[in-house]
Amino acid sequence: MKMSSFERRFGKYAIQNLSFVLVLCYAVGYLLQMFDRSGTLILYLTLDPYAILHGQIWRLFTWILIPPGSSNIFLTLIMLYFYCSIGTTLERTWGTYRYNVYLFQGMLFTIAGSFLLMGFNYLFNRDGIAAVGAEYYFLISSLYFSTYYINMSIFLAFAATFPDVQVLLMFIIPIKVKWLGIIYAVMLLFDFLQTGVDGKFAIAASLLNFVVFFLTSRNMMHLNPKQIHRRQEFKRDVKRSAGITKHKCAICGRTEVDSPQLQFRFCSKCDGNYEYCEEHLYTHTHVKNS
């Protein structure tokens, strides 16, 4: 996959192990639920566009803390481990930057979907809003928007990238991921058809990032991890054999061919022409001849 200009510029800001960070957010959410039996605090964390426009800006971020609901702690831990595992695999395959884009894109689409739903209801459901009040109506509507469908999009992306990988269903039955992906897709379609307008907006917004991924990343599908690794190694070998590199870090030995996103600089405090990558420019020990 060719590196974009955005990745060269912003790739260094990508969050590593983002799936683990998301699970930690869920852990905080579970603790809040344990200490807030009434559920009042959780209601102040939901993605409520009406409340956001009335000054509760924190809701743009805190809805991520609300974990996928399950009354069985054992099943919850298994689910979180599973999503963390497949998310980490995707990050290693796509790269940290692209995986960050995929997840944050899904979150931004979800936020945009909540505001679009509010506009839709104001245009076509004024009677329902007037009956219960705008504040209460949109608070209930906000409960449809969570990271549940974003987690589903992670699994669908994994199934599309590694369709022939086998997992143990219920720890016993071996099944290829692509069949689970099809089952998930059918379940999502059923949910979409059965739910109301609020649910339809939530599902469509959360899964739009998978649609974008599917349309733009077909060249990465139907490959197993070894094939992807070999393809990437082959491209690097071709670049190495194409000519002599212009830059090389005196510490780690990386060149612009190994890491095109890196910037290289000569150190004015070293005796001699020593060039370093951006990671070692300010951390290396200066070379002195005397």
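Because the structure is predicted, anything quoted here is derived from the model rather than measured.

Criteria and cut-off values
Residues numbered from 1 in each chain as written. Predicted model: local features only at pLDDT ≥ 70, side-chain atom pairs only at ≥ 80, totals over all residues. Heavy atoms only, no water. Axes fitted to C-alpha atoms, helices over the stretch in contact; angles between N-to-C directions. Helix = DSSP H or I, 4+ residues; strand = E, 2+ residues; numbered from the N terminus. Parallel < 35°, antiparallel > 145°, perpendicular 65-115°, else oblique. Contact = heavy atoms within 4.5 Å. Nonpolar A, V, L, I, M, F, W, Y, C, P; charged D, E, K, R; others polar. Salt bridge = Lys/Arg side-chain N within 4 Å of Asp/Glu carboxyl O. Buried < 20%, exposed > 50% of the residue type's maximum accessible area, 1.4 Å probe, protein only. Phe/Tyr/Trp six-rings, centres within 6.5 Å; stacked < 30°, edge-to-face > 60°.

A. Focus on the packing of helix α2 (residues 18–35) against helix α6 (residues 73–94). One can describe the packing of α2 onto α6 by two numbers: an axis separation of 8 Å at closest approach and a directional angle of 155°. Relative to α6, α2 is oriented roughly antiparallel. Side by side, α2 and α6 meet where Leu18, Ser19, Phe20, Val23, Tyr26 and Tyr30 of the first sit next to Thr76, Leu80, Tyr83, Cys84, Gly87, Thr88 and Glu91 of the second. Within the contact of α2 with α6, the residues separate by chemical class into eight nonpolar, four polar and one charged.

B. Quick peek at the packing of α6 against helix α7 (residues 96–124). It is the contact of α6 with α7, at a shortest axis distance of 6 Å, that shows an interaxial angle of 130°. Accordingly, the angle class assigned to the pair α6 and α7 is oblique. Contacts from Gly87, Leu90, Glu91 and Trp94 in α6 reach Thr96, Arg98, Tyr99 and Tyr102 in α7. In the contact of α6 with α7, the residues fall into four nonpolar, two polar and two charged.

C. Main features of the pattern of salt bridges. Applying the stated criterion across every chain, the model contains two salt bridges. Two residues, lysine 176 and aspartate 164, come together in a salt bridge whose shortest N-O distance is 3.8 Å. Here lysine 176, found in strand β2 (residues 173–176), pairs with aspartate 164, found in the loop between α10 (148–161) and β1 (166–169); they are 12 residues apart in sequence, far enough to count as distant. Under the relative-accessibility criterion, lysine 176 is labelled partly exposed at 30%. With a relative accessible area of 48%, aspartate 164 lands in the partly exposed category. Aspartate 164 is the partner of lysine 178 in a salt bridge, and the nearest nitrogen-oxygen pair spans 3.7 Å. Residue lysine 178 is found in helix α11 (residues 177–194), and its partner aspartate 164 is found in the loop between α10 and β1; the two are separated by 14 residues along the sequence. Look at the salt bridges and you will find they share partners, linking Asp164, Lys176 and Lys178 into a network.

D. Fine view of the packing of aromatic side chains. If you walk through the whole model with that rule in mind, you get 12 aromatic pairs. Note on tyrosine 50 and phenylalanine 138: the rings are 5.7 Å apart at their centroids and 15° apart in plane angle, and the pair reads as stacked. Of this pair, tyrosine 50 sits in helix α4 (residues 49–53) while phenylalanine 138 sits in helix α9 (residues 134–142), and the two are 88 residues apart along the sequence. Comparing tyrosine 50 with phenylalanine 138 shows no difference in burial state: the two are buried. Geometrically, the ring pair formed by tyrosine 137 and phenylalanine 138 is edge-to-face, given 5.4 Å between the ring centres and 85° between the ring planes.

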